[in-house]
Every structure is written in structure tokens, then in C-alpha cells.
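Close look at the chain arrangement
These are the residues of each chain, in order.
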Protein chains: 2
Amino acid sequence: MSRAYNFSAGPAMVPEAVLQQAQEELLDWQGSGMSVMEMSHRGKEYMSIATQAEADLRELMAIPENYKVLFLQGGASSQFAMVPLNLLGDKKTADYFNTGQWSKKAIAEAKRYCDVNLVASSEAENFCTIPDTANWNLNADAAYVHYTPNETIGGLEFQEIPEVGDVPLVADFSSTILSRPLDVSRYGIIYAGTQKNIGPAGMAVVIVREDLLGNAGDSTPAMFNYATHAKADSMYNTPPTYTWYFAGLVFKWLKQQGGLEAMAKINQGKAQALYNAIDTSDFYANPVDPRYRSWMNIPFTLADDGLNDTFLSEAKAANLVTLKGHRSVGGMRASIYNAMPEAGVQALIAFMKDFEQRKA
Amino acid sequence: MSRAYNFSAGPAMVPEAVLQQAQEELLDWQGSGMSVMEMSHRGKEYMSIATQAEADLRELMAIPENYKVLFLQGGASSQFAMVPLNLLGDKKTADYFNTGQWSKKAIAEAKRYCDVNLVASSEAENFCTIPDTANWNLNADAAYVHYTPNETIGGLEFQEIPEVGDVPLVADFSSTILSRPLDVSRYGIIYAGTQKNIGPAGMAVVIVREDLLGNAGDSTPAMFNYATHAKADSMYNTPPTYTWYFAGLVFKWLKQQGGLEAMAKINQGKAQALYNAIDTSDFYANPVDPRYRSWMNIPFTLADDGLNDTFLSEAKAANLVTLKGHRSVGGMRASIYNAMPEAGVQALIAFMKDFEQRKA
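As the structure is a computational prediction, the values presented were derived from the model and not from experiment.

Re the overall build of chain A
Broken down by element type, chain A carries 9 helices and 14 strands. What you see for chain A is a C-alpha radius of gyration of 21 Å, in line with the 21 Å of a compact globule of 360 residues. Structurally, chain A occupies a C-alpha span of about 60 × 60 × 30 Å along its principal axes. Per-residue burial over chain A gives 63% buried out of 360 residues. Sequence-distant contacts, at least 24 apart, represent 66% of the contacts inside chain A between residues at least 6 apart. Of the side-chain charges in chain A, 29 are positive and 40 negative, and the distance between the mean point of each set is 3 Å.

What follows is the structure in C-alpha cells.
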């Protein structure tokens, strides 16, 4: 089989050029006689890889100097606990938006450590919209405000940064980091698992404003304390060195594509094309409020659920894989992160039209 | 440069045959059209990789059925907190051996959660020996007994499993897991970071007796609760899929070498040869009590510290890399895990003899 167009929600596609470079240097990185994964993380070869990756990420996202960039293990799921453990300090409550399955997981974990004040919830609307700002219930005494800019499962996305006043804003950007420019200075903490829009699974990028460091209690595990990692430049313990290297290759690739302005145009175009194909059909449907549709994760249903298995098997035969929707939503889901080429989206649209003509 | 003999303490060498296989299938795993790192962890392709890796590890180590095998993020450093958080239950104290730098780190973290009773310490002897069993101070009321079978920095190793009665025995096997057969049934928990004797950094293997699960308190982060991961077969969140795959390739390679009995003979032979070279020389020295010398990490000093830099640069020119000792010990350190070929140890010995003849 040739390389497939893989619509997995994560782990997900990695740019082919990045895979090829990694393949070439897998046994010997730049004449070092070592694979990157064999290098001591404290040696000069690996340190050059790690620091370059951070520098490229800072450049891509225009991260201000008063933010630390951490490369940690444990994914976004560990952040769900690390955020309250590090930010609560003497406060007893935090604000959370509830806009989907990942919001709910973050909230469940926060409840171990504090009272959770729901700013707004779209659970009654099956997470297909975002409540109007007029109905938001922000608490000025909250330690922080947490939201999920993009819900990977529901395909729901905030198109603007929530206005929350002086309370630090914390966001789980796992599925949309690096998909477009972002004003980092609006945030206290941005975190993202790497396995959706960056590279392999097994790492989280955490961008944290320096004044928020140092407030974790004594019972916080050293590995769950941002200050531990900030002080050690993410090398308090052995970091996931190979994943970090891979992320660095992706950052370089993004710079070669023209950076995040260029990616934003491409990503918006891919999403627009797929939503158009869905909306101009009576056979396919997407349930999300058009004002808040995700650029990255596009769920859609077929008019006849009984055709789902046929759709999936024929799509696979056409080299379009991992399109099955999440079990909580059903139908299909196309995740089209940075690494999904425009040609992949066009191939999916062409297949969908052909399938509709034959089966509708 | 050709492939180097890399004596790094971790991350460390990976078997060349494993790297070659990974290189071949990096862009397309067995006709799937995907790199392993691009696969959904819940898809049937990846599930087959994950379950096979566990099955091979169980076979290699003869892990009894009443033990769960977990593949987690965060390395051994996260285990330092997870062990007390999961095992203390209603108890207030735990037993620890203090035999080196990694013991000390485990103890420091445990003190966040309980009183630490020192069973024995060789700190006064500069961690060059293990105290006699006659002087051990075991507490029958301890929640568990923790020790570090092999100290990577000091090169000190327990050659027998400590006899601790009915209290669960917990061990950090990061540097010696899979180096020889082990009676798993003697342990409550065995854990190991993967970056020394298994594969890439970014994962820990945790082998836990099932009756020890389920005792974590409500304030334990879900990601730090063994029960979370045991219930979800290590897929509560997205696991470090590519590292897990790599570990699986190493497990297959170990089976091809003849399993752990065969590896034990090879490893003992490699260590013996290097210790012989050191002991029969007046120029090199190893400070560790010969009864407790490590098979995996062999520190040695030169008679003249002023020659250290020359030794390292000439060794590098001879394709022998990452030999610098840990800053807390000085001199040199040769880490010779499973993936270090016998030829690599012979090359190091030949270089050492030549260097001595020229410089002594």
C-alpha cells in the first residue's frame, strides 16, 4: 500500500518530509554514530536538538520572553491535574467552560482539588454550540479560567479568545496548537499533547507565564510541579528525547511552509472545502453550529447509518483511513491537522461525492 | 562516522537490528500506509503491536498472571511519587534502602507522603557497598520496602533479592530490567524507565501485583493512580505509542538472542572482562566492593585525573563515545546494557590497554 490519507484524531499524520528525514538519520544523526534516541540527553548533540526545537517553537508562535516552554510527559491528561495543583495557591475555586468531552475530563480532575465554577456549558445542546457571552458566569475570585479551544470529539471550536478579565486564562490546545497564529500573551498557560497537531504521542508542550510558577504545595509530586521542570529546562529527569526531536523536525517543517499565517490559510481552506461538501449535500450532515465549527476535526453523519460500514470499507480501499467517528458521536470524523495535505481533503471529498451518487 | 560504541548511561544504545527494522517500516508499517507513530492507539493495527509487546515481555520475564503490566509515561521519577501514593493506604511509614543517588531521589519524594524508615544506608561508605543484612532495620508495619537493585551512577548492585518478609517489595529496575532472569513473584512492584535497558526514553514499564491496586486516595491524580491504567490496559489516555512499539521490537530481539538466560551469560561475561581489565591494571580503578559490582554500569578512574580529557577525546576518535563519568563520581563510566555488543566492550578494553601503555 502507498502512504494513506489518515484522518485519525490522534495519534495522527506526520508530514511525509519529516518522516523521510527521520528515516534517513535513524541510525546515525549527522555523523554522530548514534541514533537521536541513543544520545545522552545531557550531551552536546542532543542539547543542540532540544534547544533548537524550543527556539523554533518560540519563533513560530511568537512566544513572549516572560513565558517558559516546557516539554513534559503525560499528555494533556496530566495537565488536567497539574493546572489546579500549580495554580490554585490559596484559592479554593476555579472557572471552567464545559463544551465537550475533553472539558468534562478536565473538570472531573479539577474537582479533586477545588470547587469548579461552570462559566458556561453547552451540554444541554449536545455540545454543538458555545453559549453566548451574555450568559457567562465568570468569578473574579477564581484562581484561573480553563477552556478547551477545540473539542476533538465534538468538532466544536472557539473562534475567539474568551475575554476573562485579569484571571489567568488556561487552555488545552492539543488539537489546534500551531494551526494558525495565536496571541500567547492573552494566556496564563497553554498546553497541548503532541500527538495531534505536532508529532508522535508521549509529550505535552506547556507554555506557562513565569509569574504563575512556584505556587504548588508540598504534596505535589516533583514531576507534577511546573517549577521543577522550568528550573531544569525540562531535563529534571530524562525527557522523551526522540519525541522532542520529532517535534523539532515538525517545527522546522512548519517554518518551511511559511509559518502559522500560511498554515492558517491552508487549514481554513481545507476545512471550508469539506464543510461545503457536507452542507451542499442532503446525504451528509454536520451537527455543529456553523459559527463554532472546528478547522481540525470535522464529524459528519450519513443519511443512512446502515451505510456506515460500507462507507468505511470503501474509503479504506480508496486509501482514506481512520474515518470512523468517536463512539459517543457516531458517524464519521475527519481530522485534518497541519500534516493532512490539501490533496487528502480533496480525495476525501471526491470519494464522498462518488459514494453519495452510488448509494443515496 | 560509522555506528559508534556508545557507553551512555541512558538514553543508551538500541540494538542495531532493531533500529534497522524501525527504519525500514518508518513510513509504512506492514502495508498499512501509516507510520506506527501515526496510528490511532485504538485501531486494530496498533492494538496488535501493543498487545504483542506485552505478551513478549510477559514471556521473557515469566511474569505471573496475578501481575498487571503497565506502560506509562513519566519515567522512574514519576514512580517515586506513584509508589507511596498508591501503596500507603492507611499506613504512615515505608521502608527504604539508601544505596546511591537514585535511592536518595526516591526517598526525597516519598517524604512528601510518609515517614521514611531507612532500612540501611551506605552513604557513609560513599555508596561503594551494601550494608550487611545483620544491620538492616526492617519495620514490619511499613507499607512497603523500596530499594534500587542497581545504582546507575555508583555502579553498585544488589546481587540477591533482599529478604523482607511479608511487606511488599518495590524495586526500581531501570538499569537492570531484562539483563538476566528475575523471580517476579518476590516483588509487589517492579518499575523501570525504558531509556537504559529497553529502548527510547519516555516510558516506564510497571509490573504490579494486582492485590496492591485500588488503594490510592481521592487526591491522587488519575494519571498517577495505577488502578486507572490497569483498568484501561494502559490506554486511559494516549500512551507513548511509538516508544511502546520500539520496546516491543527490543523484546522480540531479546527472544531471538535466546531470552534472559542467554543475556545473563553475555552480560556477565562483558562485565567480568571489563572488571578484569581494570583490576589487573595499576592505572585504572573501580571503587566498588567486588561483592556488589554492577553488571551494567562500570565507573572507573584513571591514576591521573589530568589525563581524563585526553582519554575521552582519544576514545571518541576510536569510536568509543559517552564515557565521561557522572559529575558526582568523576572519572569514567561505561554503561554496557543488553544492546552493547561484546565487541564494543572488547574495543574499549583494547583502547584502555593501549592508552595505559602510552600514558602511564
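As for the packing of helix 1 (residues 16-24) of chain B against helix 6 (residues 241-256) of chain B
All names here are of chain B. Where helix 1 contacts helix 6, the axes come no closer than 10 Å and their chain directions differ by 130°. In terms of their interaxial angle, helix 1 and helix 6 are classed as oblique. In this structure, helix 1 crosses over helix 6, and the sense of that crossing is right-handed. Facing helix 1, whose interface residues are Ala17, Val18, Leu19, Gln21 and Ala22, helix 6 presents Tyr242, Tyr245, Phe246, Leu249, Val250 and Trp253.

With respect to the relation of the copies chain A and chain B
The two copies are related by a screw operation: chain A maps onto chain B through 180° of rotation and 0.0 Å of translation along the axis, at an RMSD of 0.0 Å. One copy is carried onto the other by what is essentially a two-fold rotation axis.

So, the nonpolar core
Residues Leu178 of chain A together with Leu178 of chain B are the most contacted members of the largest nonpolar core, which totals 128 residues. Counting 59 residues, the second-largest nonpolar core is a separate cluster that includes Tyr226 of chain A together with Leu85, Ala110 and Ala143 of chain B.

Re the domain arrangement of chain A
All names here are of chain A. According to the domain assignment, chain A consists of domain 1 (16-256) and domain 2 (258-359). Here the C-alpha centre of domain 2 lies 27 Å away from the C-alpha centre of domain 1. Taken together, the contact pairs 28 residues of domain 1 with 26 residues of domain 2. Carbon and sulfur atoms make up 56% of the surface buried where domain 1 meets domain 2, a total of about 2200 Å² over both sides.

Overview of the packing of aromatic side chains
A complete count under the given rule lists 46 aromatic pairs over all chains for this structure. Considering the side-chain rings of Phe97 of chain B and Tyr147 of chain B, the 6.2 Å spacing of their centres and the 65° angle between planes classify their relative orientation as edge-to-face. Pair noted here: Phe97 of chain B is in strand 3 (residues 93-98) and Tyr147 of chain B is in strand 5 (residues 145-147), with a separation of 50 residues, a long-range link. For the pair Phe97 of chain B and Tyr147 of chain B, one class covers both residues: buried. Look at Tyr242 of chain B and Phe246 of chain B: their rings are 5.6 Å apart centre to centre, the planes differ by 70°, and that puts the pair in the edge-to-face class. One end of the pair is Tyr242 of chain B and the other is Phe246 of chain B, both in helix 6 and 4 residues apart, which spans about a single turn. Overall, the relative accessible area of 0% leaves Phe246 of chain B in the buried class. Joined through ring pairs, the aromatic side chains of Phe97, Trp136, Tyr147, Phe158, Phe173 and Tyr187 of chain A make up one cluster. Here the basic side chain of Arg180 of chain A rests over the ring of Trp295 of chain A, its NZ or CZ set 3.9 Å away from the ring centre.

Quick look at the side chain of Thr129 of chain A
All names here are of chain A. Locating Thr129 in the fold gives a position in the loop between strand 4 (115-121) and strand 5 (145-147). Of the residues examined, Thr129 reaches a relative accessible area of 15% and is grouped as buried. Of note is the side chain of Thr129, whose polar atom sits 2.7 Å from the side chain of Asp289. Ignoring any residue separated from it by four or fewer positions in sequence, one finds Thr129 in contact with Ser122, Leu156, Asp289, Arg291 and Tyr292.

Things to note about the pattern of salt bridges
Applying the stated rule across the entire model yields 36 salt bridges over all chains. For the salt bridge of Glu123 of chain A with Lys104 of chain A, the shortest nitrogen-to-oxygen distance reads 2.8 Å. Of this pair, Glu123 of chain A sits in the loop between strand 4 and strand 5 while Lys104 of chain A sits in helix 4 (residues 101-110), and the two are 19 residues apart along the sequence. Take Glu123 of chain A: its relative accessible area is 38%, and that puts it in the partly exposed class. Of the charged contacts, one joins Asp354 of chain B and Arg358 of chain B as a salt bridge, the two residues approaching to 2.9 Å between their closest N and O atoms. A residue pair is termed a helical-turn pair when its members lie 3 or 4 positions apart in one helix, as Asp354 of chain B and Arg358 of chain B do in helix 9 (residues 342-359) at 4 residues. Taking the relative accessible area as the measure of exposure, Asp354 of chain B reaches 36% and is therefore partly exposed. One network of salt bridges, with partners in common, ties together Asp56, Glu59, Lys252 and Lys255 of chain A.

What counts and how
Residues numbered from 1 in each chain as written. Chains lettered and ligands numbered in written order. Predicted model: local features only at pLDDT ≥ 70, side-chain atom pairs only at ≥ 80, totals over all residues. Heavy atoms only, no water. Helix = DSSP H or I, 4+ residues; strand = E, 2+ residues; numbered from the N terminus. Rg over C-alpha atoms; globule rule 2.2 N^0.38 Å. Buried < 20%, exposed > 50% of the residue type's maximum accessible area, 1.4 Å probe, protein only. Contact = heavy atoms within 4.5 Å. Lys, Arg positive; Asp, Glu negative; His and termini not counted. Charge placed at Lys NZ, Arg CZ, Asp CG, Glu CD. Axes fitted to C-alpha atoms, helices over the stretch in contact; angles between N-to-C directions. Parallel < 35°, antiparallel > 145°, perpendicular 65-115°, else oblique. Left-handed = near helix turned anticlockwise from the far one by under 90°. Least-squares fit on C-alpha atoms with pLDDT ≥ 70 in both. Core = buried A, V, L, I, M, F, W, Y, C linked by side-chain atoms within 4.5 Å. Domains from an automatic or database assignment. Buried area = accessible area lost by both parts, 1.4 Å probe. Phe/Tyr/Trp six-rings, centres within 6.5 Å; stacked < 30°, edge-to-face > 60°. Lys NZ or Arg CZ within 6 Å of the ring centre and 35° of its normal. Polar contact = N/O pair within 3.5 Å; in protein donor to acceptor, adjacent residues only side chain to side chain. Salt bridge = Lys/Arg side-chain N within 4 Å of Asp/Glu carboxyl O.

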